[in-house]
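# Summary of structural features
Residue strings, one per chain:
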Amino acid sequence: MDTGFLPFSRPSITEGEISSVAEVLRSGWITTGTKCAEFEQSFSEAIGCRHAVALTSATAGMHLTLHALGIGPGDEVITPSLTWVSTVNMITACGATPIFADVDRDSLMISAETVEPLMSDRTRLIVPVHYAGAAVELDPLRQLASQHDIPLVEDAAHAVGTEYLDRKIGVDGHVIFSFHPIKNITTGEGGMFCTDDQDLADHIRRLRFHGLGVDAFDRQSQGRAPQAEVQEPGFKYNLPDMNAVLGIGQLARLGEMNQRRAELARLYLSKLAEIEAIQPLQTPASTTRHAWHLFIIRLDINNVGMSRDHFMAELKAKGIGSGLHFKAAHLQKYYRENYQHAFSLPETEWNSERICSLPLFPDMRDEDVIRVVEAIKSILRSPST
Ligand SMILES: *Cc1c(COP(=O)(O)O)cnc(C)c1O
């Protein structure tokens, strides 16, 4: 059996994609230009959304969205604590207050039931996360947001290709995707803001490049006025062509790569079913297509005589990488020390101690899954202390 190190994630990049990046590097134009525009066009066609704005990360997308929605001091944004810290950080950086909703124990997602009691007259936005590649129960959350006349922004960093009730995530609403190297498709670093709201799309597009009405490419090559003026103070979050061109190639293989992820996930599910101390997540019935961004298990720490961190160290000693998605934000140093809010998040905390992401990436072989499952069995049989 192969005993080389099995990482928990590895981007799948073809020689053709490498050549396309090299071509951009040789072309004389490497920052935002035609490749970025082409990537936005292909992405909006693939997802079926009206507007797609490419950015340097999903975090940038969250920052610009909060800024464009005018969210600031005194405002509250409801989001899970069990998420990547970027959203919580951006809310805080804007001077607003993150209000944490608890998640479902087995899907790790917030719901209208957990969000509603937290709504106040300061609530300005709800940010649910489509977790691990499954879809959040979107319709009741949208209904709740519209009853209170506030927007909802979906964190779809895990959900490129996910479908909710046979609709692709991103086809409507305000949705932010990530193309970080561990995500389902990558641009090295990158993100996409999608919306059906023309004004918001235009606003985000302007904010991504200094608040000018145009970008560097427009100025240099398209004969648009280099005298373009600042409409409002903006940021610098435009996606370079050398990244965007990688995204074009990746997007063309999205279906194939997600299909391979799904096959590997099915194999994990069947092999892990016999291990009682390992509990995978459950997929909500409304998720009609799962993107399988992550394969997350919960370790029955009360009965196996070891902590999750110890379990991860044991996997590592056997040459297997694993991940933690995520350690709850409200338990991290800054938020522990600076937040006065008392949160009751029992399901979040229960999972935060037990979750672990097993290796899952398109180029993984079936044997790798078997190897991970055998390693888990052996660790649980004879835990070293
Ligand atoms: C990766 C991730 C992000 C941030 O994406 P970046 O492109 O790295 O900024 C946001 N939310 C979740 C849930 C993520 O997993």
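Please read all numbers here as calculations on a predicted model, not as lab measurements.

Quick notes on the rules
- Residues numbered from 1 in each chain as written.
- Predicted model: local features only at pLDDT ≥ 70, side-chain atom pairs only at ≥ 80, totals over all residues.
- Heavy atoms only, no water.
- Helix = DSSP H or I, 4+ residues; strand = E, 2+ residues; numbered from the N terminus.
- Buried < 20%, exposed > 50% of the residue type's maximum accessible area, 1.4 Å probe, protein only.
- Near = heavy atom within 4 Å.
- Polar contact = N/O pair within 3.5 Å; in protein donor to acceptor, adjacent residues only side chain to side chain.
- Areas by Shrake-Rupley, 256 points an atom, 1.4 Å probe, with all protein chains shown as cover.
- Nonpolar A, V, L, I, M, F, W, Y, C, P; charged D, E, K, R; others polar.
- Core = buried A, V, L, I, M, F, W, Y, C linked by side-chain atoms within 4.5 Å.
- Domains from an automatic or database assignment.
- Contact = heavy atoms within 4.5 Å.
- Buried area = accessible area lost by both parts, 1.4 Å probe.
- Salt bridge = Lys/Arg side-chain N within 4 Å of Asp/Glu carboxyl O.
- Pairing = 2+ DSSP bridges.
- Axes fitted to C-alpha atoms, helices over the stretch in contact; angles between N-to-C directions.

### Let's talk about unusual backbone geometry
For the peptide bond that leads from H325 to F326, omega is 5°, which places it in the cis range. Looking at the element boundaries, F326 is found in the loop between α12 (308-317) and α13 (333-338). One non-glycine residue, H210, lies in positive phi territory at about 65°. Note on placement: H210 falls in the loop between α7 (198-207) and α8 (216-221). Overall, the relative accessible area of 34% leaves H210 in the partly exposed class.

### What to know about the site of the ligand
Close to the ligand lie 15 residues; T59, D155, H158, S178 and K183 are nearest. In this structure, an oxygen atom belonging to the ligand sits 3.2 Å away from a side-chain N or O atom of K183. Taken by itself the ligand offers 380 Å² of open surface, and the protein chains cover 92% of this. Classifying every residue of the shell around the ligand gives five nonpolar, eight polar and two charged.

### Regarding the nonpolar core
Formed by 56 residues in total, the largest nonpolar core has its most connected members in F39, F43, V115, Y131, I169, F177 and M192. Counting the residues that make up this core, at least three belong to each of domain 1 (15-252) and domain 2 (255-381). With sequence-adjacent residues up to four places away left out, M192 is seen in contact with F39, E40, F43, A52, V53, A54, V175, I176, F177 and F179. Counting residues in hydrophobic clusters, the runner-up holds 33 residues, among them A262, L267, I297 and A375.

### Observations regarding the domain arrangement of the protein chain
By convention, interface size is frequently given as the accessible area that disappears when the constituent parts associate. Segmenting the protein chain into domains produces domain 1 (15-252) and domain 2 (255-381). For domain 1 and domain 2, the distance between their C-alpha centroids amounts to 26 Å. Each partner contributes residues to the interface: domain 1 has 41 residues there, and domain 2 has 39 residues. Counting the surface lost from both domain 1 and domain 2, the interface buries some 3500 Å², and carbon and sulfur atoms represent 55% of this. Considering only the surface of domain 1 that becomes buried against domain 2, R105, D106 and N184 emerge as the three largest contributors, covering 19% of it. Where domain 1 meets domain 2, there are three salt bridges. For the salt bridge of R289 with E163, the shortest nitrogen-to-oxygen distance reads 3.3 Å. Across the domain 1-domain 2 interface, the total number found is 27 residue pairs in polar contact (both at pLDDT 80 or more). Where the side of domain 1 that touches domain 2 is concerned, the elements lending two or more residues are α4 (85-93), β3 (97-101) and β6 (163-164). Taken together, the residues that form the side of domain 1 that touches domain 2 break down as 21 nonpolar, twelve polar and eight charged.

### Re the sheet that holds strand β4 (residues 123-126)
If you trace the three strands from one edge of the open sheet to the other, you get β3-β2-β4, paired in parallel fashion. The sheet is open, and its two edges are formed by β3 and β4, each paired on a single side. Within this sheet the neighbouring strands show an average axis-to-axis angle of 35°, counted without direction. Strand direction decides the pairing type here: strand β2 (residues 76-80) and β4, joined by three bridges, are parallel. Directly across from I78, in β4, lies its bridge partner I126.

### Thoughts on the sheet that holds β6
Across the sheet, which stays open at both edges, the three strands sit in the order β7-β6-β11 with antiparallel pairing between neighbours. Both edges of this open sheet fall to β7 (167-168) and β11 (287-289), since each of them pairs with a single strand only. One ladder, built from two bridges, connects β6 with β7; its direction is antiparallel. Paired with E163 across the two strands is K168, which belongs to β7.

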